[in-house]
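Summary of the model geometry
What follows is each chain in one-letter form.
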Amino acid sequence: MRGPFEYIGKELRAGIDWAGGISLLLGRSMARGVRRPWGIYDIFSQIIALGIRSLPLSTLMGVFVGMALTWQFGEALMGFGAKNAVGSAAALALVRELVPTLMALTIGAKIATGITAELGSMKVSEQIDAIASLGADPVKKLVWPRLVASTITLPLLNIYGNVLALLGGAFIADLVFDVPAEYFYETYIDELYPMDYISGLVKSFTFGLLVGLIGCYQGFQTRFGTEAVGISTTNTVVATSVAIIVFDFVLTTIFLPVG
């Protein structure tokens, strides 16, 4: 029977090996991806595929996150007689934290699992080995376009979600708290500084890179067997969520004092 320290040590070694594999894949992708041909067509195809398929979910998330948070802040501020400040209160929370993080946790996990399922199926059916046997580089052909596409797509969806969150918040402020939408918009925008937008975009770029990297790595690590793809996609959801939460904390500690 294994003791707790042996179990912890085994999990710790597995985590270090996983982080090392992720870092190695990132290094290989950056080194090989910048070489010609750059695969512009493959990159744009992945951007369209990942972005268009995520628009319904990002629309739903953006609108309802903005409405829910504005409602919560409005109820709290009414107790102090300061409901007119609901726009200022909601602005920082949405732009700097909630929209980038929630978009990454939902849409990012969806993108990562899709990448893992696609590459995992190719790994099980030996299509990746076939690409390598034909003289092509699987990292250049398969990883690089998906990595670049996810890194670009998630920030674009974050901007889209911020606009929808603003509209959803203005709707609730006007409908529930009798705060005019125009006034909500003015206080919302006045509360934000350029660094607030930059911090949200930097988070989205980082989360997009993590999403593409984890999705590709888990797909390449898929073992052979009927259940292998399902296990890889499950592990992708867990790894993506944990990585996003950890890096969100790290980036928050970096940008928070600046604001």
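Rules used throughout
Residues numbered from 1 in each chain as written. Predicted model: local features only at pLDDT ≥ 70, side-chain atom pairs only at ≥ 80, totals over all residues. Heavy atoms only, no water. pLDDT = per-residue confidence, 0-100. Helix = DSSP H or I, 4+ residues; strand = E, 2+ residues; numbered from the N terminus. Core = buried A, V, L, I, M, F, W, Y, C linked by side-chain atoms within 4.5 Å. Buried < 20%, exposed > 50% of the residue type's maximum accessible area, 1.4 Å probe, protein only. Contact = heavy atoms within 4.5 Å. Salt bridge = Lys/Arg side-chain N within 4 Å of Asp/Glu carboxyl O.

Under an unreviewed UniProt entry, the name given to the protein chain is ABC transporter permease, and the organism recorded is Nannocystis radixulma.

1. Remarks on the confidence of the model for the protein chain
On average, the protein chain scores 89 in pLDDT, and the residues at 70 or more come to 97%. Here helix α1 (residues 4-33) stands out as the element of the protein chain with the lowest mean pLDDT, 86, in contrast to helix α7 (residues 194-220), whose mean of 94 is the highest.

2. Details of the nonpolar core
Residues Leu25, Leu94, Leu119, Leu142, Phe184 and Tyr188 are the most contacted members of the largest nonpolar core, which totals 56 residues. Taken together, the elements giving at least two residues each to this core come down to α1, α2 (40-78), α3 (86-124), α4 (127-133), α5 (138-177), α6 (181-190), α7 and α8 (228-255). Here this core gets 15 residues from one element, more than from any other, and that element is α5. Ignoring any residue separated from it by four or fewer positions in sequence, one finds Tyr188 in contact with Gly87, Ser88, Ala90, Ala91, Leu94, Val95 and Leu166.

3. Focus on the pattern of salt bridges
Per the stated rule, a full pass over the model turns up six salt bridges. Among the ionic pairs, Asp137 bridges to Arg32, the shortest N-O distance being 3.1 Å. On the criterion of sequence distance, the pair formed by Asp137 in the loop between α4 and α5 and Arg32 in helix α1 is long-range, its members being 105 residues apart. Classification of Asp137 by relative accessible area gives partly exposed; the value is 27%. Given a relative accessible area of 27%, Arg32 falls into the partly exposed group. For Arg96, the salt bridge is made with Asp196, and the minimal N-O distance between the two is 3.0 Å. Of this pair, Arg96 sits in helix α3 while Asp196 is found in helix α7, placing the two residues 100 residues apart along the sequence. Exposure remark for Arg96: the relative accessible area of 14% places this residue in the buried category. Looking at Asp196, the relative accessible area reads 3%, which means it is buried.

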